[in-house]
Amino acid sequence: LVFGFAGGASALLVEYDFTGGSGNYSSLSFTESGVTTTATARYTGVFTSGPADVSWRSAGVGVLNSGLDSPDVDGRTRDDYLTFSFGEQVDLLGLNFGNDTIDDEFDLFVDGVLVASNLETIGGWEALAFSGTSFTVRADQRNDDFTVSGLRASVPEPATMLILGLGLVGLA
């Protein structure tokens, strides 16, 4: 006879603040409560595509794809993609934006798949509910430009199991 108890899985709420930075980087890692996300950037254009710099500014992180580009996520000269990768599956709960205006929208990709289009950047935290290991934002239109100033995620913590008894052997 074996007795056991399995505790329910709990989750850790993590909130990243991407504001207050300076510089351009090939990738940029942020750690909160022991959970790391790494930001990377890329662009696509009519005749070219490739890696871009993650631009870290006081208003948040964006994409710098050339000397003529702004440090925001934008679609002005090329389509900018800003990806936040995690080493494990997390639940994306929300994004916050900087340098945004009432006419700025974004598209969201989860693990490389487009899951939502034309989402608003204005009005504080954009509530989301997607699970994955990577989350990518792209400016929806040519006139959209913004930075990502914050990210909220829920990280599952492993359930624990406690064995309370041992097997019982009958006598012959």
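Above this text you will find the structure in question.
Predicted model only: the values in this text are computed from it and were never measured.

Trainee: Please clarify how the pairing of strand S13 (residues 145-157) should be interpreted in this entry.
Mentor: When a strand is regular, its side chains alternate between the sheet's two faces. Across the 13 residues of S13, ten count as buried, placing the element largely inside the fold. The sheet contact formed by strand S2 (residues 10-17) and S13 spans eight bridges and is antiparallel. When the bridges of S13 are listed, Ala11 appears paired with Pro156. The pairing of strand S8 (residues 73-74) with S13 spans two bridges and is classified as antiparallel. Bridge assignment links Asp74 to a residue of S13, and that residue is Asp145. Sheet topology places strand S9 (residues 79-98) next to S13; seven bridges connect them, and they run antiparallel. Each residue of the ladder has a partner; that of Asp91, found in S13, is Ser154.

Trainee: Quick question: what am I supposed to make of unusual backbone geometry here?
Mentor: With the exception of glycine, the majority of residues adopt a negative phi angle, and the majority of peptide bonds are in the trans configuration. Even without being a glycine, Ser33 presents a positive backbone phi close to 50 degrees. You can see Ser33 is positioned in the loop between strand S4 (27-32) and strand S5 (35-44). Of note, the phi angle at Asn118 is positive, near 60 degrees, even though the residue is not glycine. Position of Asn118 among the secondary structure elements: in strand S11 (residues 113-120).

Trainee: Quick question: what am I supposed to make of the side chain of Asp74 here?
Mentor: The topology assignment puts Asp74 in strand S8. There is a polar contact of 3.3 Å between the side chain of Asp74 and the backbone nitrogen of Arg76.

Trainee: Just checking my understanding: could you explain the nonpolar core for this structure?
Mentor: One broad rule of soluble globular proteins: the nonpolar side chains tend to lie buried together. In terms of nonpolar packing, the biggest core is built from 35 residues, with Val61, Leu82, Leu95, Leu108, Val148 and Leu151 touching the most fellow members. With seven residues, S9 is the largest single contributor of residues to this core.

Thresholds, definitions, all that
- Residues numbered from 1 in each chain as written.
- Predicted model: local features only at pLDDT ≥ 70, side-chain atom pairs only at ≥ 80, totals over all residues.
- Heavy atoms only, no water.
- Buried < 20%, exposed > 50% of the residue type's maximum accessible area, 1.4 Å probe, protein only.
- Helix = DSSP H or I, 4+ residues; strand = E, 2+ residues; numbered from the N terminus.
- Pairing = 2+ DSSP bridges.
- Polar contact = N/O pair within 3.5 Å; in protein donor to acceptor, adjacent residues only side chain to side chain.
- Core = buried A, V, L, I, M, F, W, Y, C linked by side-chain atoms within 4.5 Å.

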